[in-house]
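Take a look at the letters that make up each chain.
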Amino acid sequence: MTLLSRYDWKELRDFCIKLFKKRGVNDENASIIADALIEADLRGVYSHGIVRTAIYLKRIEEGMVDPSSCIEIINDNEITTLIDGNNNLGAVVGKQALNLALKKSDKKGAAIVGVKGSNHFGTGAFYAAKSISQDKILLVMSNASQTMPPTGGIRPFIGTNPLSIGVPTDKEIPFILDMATSVVARGKIIVASQKNEEIPLGWAVDRHGKPTTDPNEALEGSVLPMGGPKGYAISMMIDILSGVLTGAGFGKHINNMYENWGQPQNVGHFFIVIDIKQFIPIEEFKQRMDQYIRDIKSEPKAEGVKEILIPGEIEYKKSEEQKKYGIELPDSVVEELKDLSQKYGVEFVSKKVTSSIK
């Protein structure tokens, strides 16, 4: 039995809200950012959680993000909308885009909202869960600054451009696919670097294009696309929809939030919402989804496999665990948060210690 140092998720959320308010973010938007970060940590996606607080705050401090800008509708038609985030915080822009898509789909059965002029918007699962709560299917994607080479290349050109799909269920855990188009999200390599841990071979290459297990060499090089050319192709597709189509940056024209301190990122997102009841009654759909999931789980299992899981199930169970026992944070992240606590005059949260997690 290992003793783990954990932190209450509600206290961490309040801490985040206070930090962003100190940097001039209004109450509503500070809550949105905190929700996006803490929900990522709850689900065990630590690479997109509170570890991002410092860089978000620094981008605001350096004038690279404008938390007071007005998000603007550029084009608005029956089914499609294009909005300009005007360099506001990514999760704030993303949530407004999602809300527009959900509202529009009520009338037309489906909606597509493209976004330009945004920033890193967190995990796609953050938006998928909100869509599921309204009995809608969501496909959401975003491009990102160059961290992955095209197949056959050695230097970064496209981002690890994520894709998320959320589908509601009745009694079963909802289907939430949330994935990067790389073998692994770059944020996980950042976390490995902070923990001084090696990364698995096959995750990344160094700046010379050679495979590496050193996270620091990987951060100077490139992460690799999942499935080789297939992941590369999917990443391109996401870049085309999120960037080329919307007027946002794309490919090498998206600025890196850790390295470029002279220009905004200009990230693009793409939201597609489907109103289920325009096809079949929602309760019938949910029951069919439950049956589908139960059918999958009852399939014969390979030797050594205890349970067949569906996308999002591990994260769902992790969230339930961490809501109860607290979120575990690496010492390096805790020290960074304590530095922010002192810098902004916001009291850090108390630590919880439990021996009930193996």
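One numbering rule holds for all chains: residues counted from 1, following each sequence as written. Residues qualify for local features only when their pLDDT is at least 70, as the model is predicted, and side-chain atom pairs are given and counted only at 80 or more; totals for whole chains, interfaces and linings, by contrast, use all residues. Computation of side-chain values covers all heavy atoms of the structure but excludes hydrogens and water.

A. Fine view of the overall build of the chain. Helix and strand labels come from DSSP, where a helix needs a run of H or I of at least four residues and a strand needs a run of E of at least two; each type is numbered from the N terminus. Looking only at helices and strands, one finds 11 helices and 13 strands in the chain. The reference for a compact globule is 2.2 Å times residues^0.38; the radius of gyration itself is calculated from the C-alpha atoms. Against the 2.2 N^0.38 benchmark of 21 Å for 358 residues, the chain shows a C-alpha radius of gyration of 20 Å, consistent with a compact globule. For the C-alpha atoms alone, the extent of the chain along its principal axes is close to 55 × 50 × 45 Å. In this scheme, a residue with accessible area under 20% of its type's maximum is buried, one over 50% is exposed, and one in between is partly exposed, where area comes from a 1.4 Å probe on protein chains only. Taking all 358 residues of the chain together, the buried fraction comes to 50%.

B. Summary view of the pattern of salt bridges. For this analysis, a salt bridge means a side-chain nitrogen from Lys or Arg found within 4 Å of a carboxyl oxygen belonging to Asp or Glu. If you walk through the whole model with that rule in mind, you get 17 salt bridges. Here Lys343 ties to Glu61 by a salt bridge, and the two come within 2.8 Å at their closest N and O atoms. Of this pair, Lys343 sits in helix 11 (residues 331-344) while Glu61 sits in helix 3 (residues 53-61), placing them 282 residues apart in sequence. The class for Glu61 is partly exposed, based on a relative accessible area of 35%.

C. Region of interest: the sheet that holds strand 9 (residues 211-212). As summarised here, the arrangement of the 3 strands in space is 9-8-10, forming an open sheet in which the pairing is antiparallel. Edge positions in the open sheet fall to strand 9 and strand 10 (222-223), since each of these has one partner strand only. A strand pair is defined by DSSP finding two or more bridges across the two strands. Of the strand pairs in this sheet, strand 8 (residues 204-205) and strand 9 are connected by 2 bridges, and their pairing is antiparallel. Bridge assignment links Val205 to a residue of strand 9, and that residue is Pro211.

D. Summary view of the nonpolar core. Working definition of a nonpolar core: buried Ala, Val, Leu, Ile, Met, Phe, Trp, Tyr and Cys residues. They are joined through side-chain atoms within 4.5 Å. Among the nonpolar cores identified, the biggest contains 55 residues, and Leu12, Phe20 and Phe271 are the most heavily contacted of them. Once residues lying within four places of it in the same chain are set aside, the contact partners of Phe271 are Gly94, Ala97, Leu98, Ala111, Ile112, Val113, Val115, Phe121, Tyr127, Leu138, Leu139 and Val140. Within the second largest apolar cluster, 9 residues are counted, among which are Ile158, Val184, Ile199 and Ala218. Contacts between residues were defined by any pair of non-hydrogen atoms, one from each residue, lying within 4.5 Å.

E. Local environment of the environment of Gly228. Along the chain, Gly228 falls in the loop between strand 10 and helix 8 (229-244). Sequence separation between Gly228 and Thr151 is 77 residues; the distance between their C-alpha atoms is 6.7 Å.

F. Representation of the packing of aromatic side chains. Side-chain rings of Phe, Tyr and Trp (the six-membered ring for Trp) are treated as a pair once their centres are within 6.5 Å; stacked means planes under 30 degrees apart, edge-to-face means over 60, and tilted covers the remaining angles. All told, the structure shown has 6 aromatic pairs when counted by the stated rule. Ring centres of Phe15 and Phe348 lie 5.1 Å apart, and the angle between their planes is 80°; on these two criteria the pair is classed as edge-to-face. Taken together, the residues span a long stretch of sequence, with Phe15 in helix 1 (residues 9-22) and Phe348 in the loop between helix 11 and strand 13 (351-354) at a distance of 333 residues. Given a relative accessible area of 2%, Phe15 falls into the buried group. Judged by relative accessible area, which is 15%, Phe348 ranks as buried.

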